[in-house]
Amino acid sequence: MPPIRDKFTIHSRAVVCQDVELKGDITIGPSTVVHPKATIFAIAGPIVIGSGCIIEEAAIIVNRRKEVMRVGDNNLFEIGCRVECPSVGNFNTISTRARVHHTVRISNYCVIGAACLVVPTDDETLDDYTSIFGPAAERRSWSGRGRIQEADLRLKHAEYLREMLPKFNRLRRGDGA
């Protein structure tokens, strides 16, 4: 296997801490916040992260497929989660210590609960507003009530992090976009 060539494109308005582990061809969009100790590996194909995403400490995002892994806008990857799915829509929450296998595609407004393991044997696409919870990874459909309030809260969260992280961490600069 040939060595992985690093190419990072970090938008000028993104906040990416210096001690983030990046490998491969990675593009990070505007207003995205990547906490220290997060890991993003583009092993086989590139990773494109949209705008307004929050990637917290010890979160791991891996692309093992040759196709481009697309992460939409305003997603929240909480502490210690691991995501290997080829596409993630918009406004999703991957909770603490959750794991999502590379056979899953996540649509919009989905929530993967804390410590849930999503590993289907066949390729699967989660419908919009799917919520996965509990130790048995049970599923439920969310009505969408409160999504505007959640979006506002997430924007405030990202705004706060963009203001505070540079005060206490060194930032990584990319080529700019």
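Residues numbered from 1 in each chain as written. Predicted model: local features only at pLDDT ≥ 70, side-chain atom pairs only at ≥ 80, totals over all residues. Heavy atoms only, no water.

Caption draft 1: Representation of the sheet that holds strand S18 (residues 117-118) in the model. Reading across from one edge, S3-S6-S9-S12-S15-S18 is the order of the six strands in this open sheet, with parallel pairing throughout. Two strands close off the open sheet at either side, each with one partner strand: strand S3 (21-23) and S18. In terms of strand pairing, strand S12 (residues 82-83) meets strand S15 (residues 99-100) through two bridges, oriented parallel. The partner of Val83 across the bridge, within S15, is Val100. (Pairing = 2+ DSSP bridges. Helix = DSSP H or I, 4+ residues; strand = E, 2+ residues; numbered from the N terminus.)

Caption draft 2: Examining the environment of Ile54 more closely. Mapped onto the elements, Ile54 comes out in strand S8 (residues 54-55). Here Ile54 falls in the buried class, since its relative accessible area comes to 0%. Residues Ile54 and Val71, 17 residues apart in the sequence, show an inter-C-alpha distance of 11 Å. When near neighbours in sequence (up to four residues on either side) are disregarded, Ile54 contacts Val33, His35, Asn75, Leu76, Phe77, Arg154, His157, Ala158 and Leu161. (Buried < 20%, exposed > 50% of the residue type's maximum accessible area, 1.4 Å probe, protein only. Contact = heavy atoms within 4.5 Å.)

Caption draft 3: Inspection of the packing of aromatic side chains at higher detail. In the structure shown here, the tally under the stated rule is four aromatic pairs. Relative to Tyr109, the ring of Phe91 has its centre 5.4 Å away and its plane inclined at 5°; by these criteria the two rings are stacked. Taken together, the residues Phe91 in the loop between strand S13 (87-88) and strand S14 (93-94) and Tyr109 in the loop between strand S16 (104-106) and strand S17 (111-112) connect sequence positions 18 residues apart. Judged by relative accessible area, Phe91 falls into the partly exposed class, the value being 22%. An aromatic cluster is built from Phe91, Tyr109, Tyr129 and Trp142, whose rings are joined through pairwise contacts. (Phe/Tyr/Trp six-rings, centres within 6.5 Å; stacked < 30°, edge-to-face > 60°.)

Caption draft 4: Here's a closer look at helix H1 (residues 147-168). The terminal C-alpha atoms of H1 lie 31 Å apart, and with 22 residues this matches the ideal 32 Å at 1.5 Å per residue to within 8%. Three or more residues of H1 are buried, namely Ala151, Arg154, Ala158, Leu161 and Leu165. Buried residues along H1 sit in contact with strand S2 (15-16), strand S5 (33-34), S8, strand S11 (76-77) and S14. (Expected span 1.5 Å × (residues − 1).)

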